[in-house]
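# Structure at a glance
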Amino acid sequence: QISAQLKKLSEIHHIPIVVINQVTADFSAKEDSSFRPALGLSWESCVNQSYLLTRQGKTKSTFTGRCHTPSNFQRSILCRISSRFPTIEAGYSICDKGVSIL
């Protein structure tokens, strides 16, 4: 019901609504690395666009042209506009000057 109201407000007032569905660890699961959305799976079907930010593993320092980042993580963003279109993925880094696409 809440998602339907937010969508209606967005359409009436022509404003975007951003809902963050953070992923949390599911310690009750039998698998070692099981994650679940904090708002539950039902919210996934209520969105028009989906952006997934990930941070994985350890990497070496990189220079992106904009900034040198000593990050130990490889970061990426996945964008899903519709189930009819392919998912778009891009790497990015965070540094003192802001965010830079790799």
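Keep in mind that this is a model prediction, so the values were computed, not measured. (Residues numbered from 1 in each chain as written. Predicted model: local features only at pLDDT ≥ 70, side-chain atom pairs only at ≥ 80, totals over all residues. Heavy atoms only, no water.)

### Some thoughts on the overall build of the chain
Along the chain, the regular secondary structure elements total one helix and eight strands. Element order for the chain, N to C, with α for helix and β for strand: α-β-β-β-β-β-β-β-β. Buried residues in the chain amount to 16% of all 102 residues. Taking the contacts inside the chain whose residues are at least 6 apart along the sequence as the reference set, 32% of them involve residues at least 24 apart. Accessible surface, the chain as shown: approximately 8600 Å² in total, 56% of it carbon and sulfur. (Helix = DSSP H or I, 4+ residues; strand = E, 2+ residues; numbered from the N terminus. Buried < 20%, exposed > 50% of the residue type's maximum accessible area, 1.4 Å probe, protein only. Contact = heavy atoms within 4.5 Å. Areas by Shrake-Rupley, 256 points an atom, 1.4 Å probe, with all protein chains shown as cover.)

### Brief notes about the layout of surface pockets
When its volume is computed, the largest pocket comes out at roughly 1300 Å³. Around the largest pocket sit 33 residues that line it, and Val19, Val47, Gln49, Ser50 and Tyr51 are the ones nearest its centre. Its residues assigned to classes, the lining of the largest pocket shows 19 nonpolar, 10 polar and four charged. (1 Å grid on protein atoms, 1.4 Å probe; cavity = no way out; pocket = protein on both sides within 12 Å on 5 of 7 lines; lining within 4 Å. Points joined across faces, edges and corners; volume = space filled by probe spheres on them. Nonpolar A, V, L, I, M, F, W, Y, C, P; charged D, E, K, R; others polar.)

### What about the sheet that holds strand E7 (residues 88-95)?
In space, the four strands of this open sheet follow the order E3-E6-E7-E8, with antiparallel pairing throughout. Two strands in the sheet have a free side with no partner beyond their single neighbour: strand E3 (50-56) and strand E8 (98-101). Going across the sheet, the axis of each strand differs from the next one's by a mean of 30 degrees, ignoring polarity. As paired strands, E3 and strand E6 (residues 74-80) are joined by seven bridges and run antiparallel to one another. Bridge pairing links Thr54 to Ser76 in E6. (Pairing = 2+ DSSP bridges. Axes fitted to C-alpha atoms, helices over the stretch in contact; angles between N-to-C directions.)

### A few points about a nonpolar patch on the surface
There is a patch of nonpolar side chains on the surface, built from Ile15, Ile17, Val19 and Leu39 and spanning about 290 Å² of accessible area. On the accessibility criterion, Val19 (38% relative accessible area) is partly exposed. (Patch = residues over 30% accessible without salt bridge, like charges linked within 9 Å, V, L, I, M, F, W, Y side chains within 5 Å. Salt bridge = Lys/Arg side-chain N within 4 Å of Asp/Glu carboxyl O.)

### Digging into helix H1 (residues 2-13)
Its 12 residues place the ends of H1 16 Å apart at the C-alpha level, agreeing with the 16 Å of an ideal helix rising 1.5 Å per residue. Counting buried positions over the 12 residues of H1 gives one, only a small fraction of the element. Just beyond H1, the residue with positive phi is His14, at close to 55 degrees. (Expected span 1.5 Å × (residues − 1).)

### Focus: the confidence of the model for the chain
Here the chain averages 77 in pLDDT, and 75% of its residues register 70 or above. Ranking the helices and strands of the chain by mean pLDDT puts H1 first, with 89, and strand E5 (residues 68-69) last, with 52. (pLDDT = per-residue confidence, 0-100.)

### Re the pairing of E6
Where a strand is regular, its side chains alternate between the two sheet faces. Alignment of E6 against E7, held across five bridges, turns out to be antiparallel. Across the sheet, residue Cys79 finds its bridge partner in E7, namely Ile88.

### As for unusual backbone geometry
In the Ramachandran plot, His14 falls in the positive-phi region, its phi being about 55 degrees despite a non-glycine side chain. By relative accessible area, which is 71% here, His14 ends up exposed.

### Brief notes about the environment of Ile81
Looking at the element boundaries, Ile81 is found in the loop between E6 and E7. Ile81 gets classed as partly exposed once you look at its relative accessible area, which sits at 43%. Considering only alpha carbons, one finds Ile81 and Asn48, 33 residues apart in sequence, at a separation of 6.7 Å.

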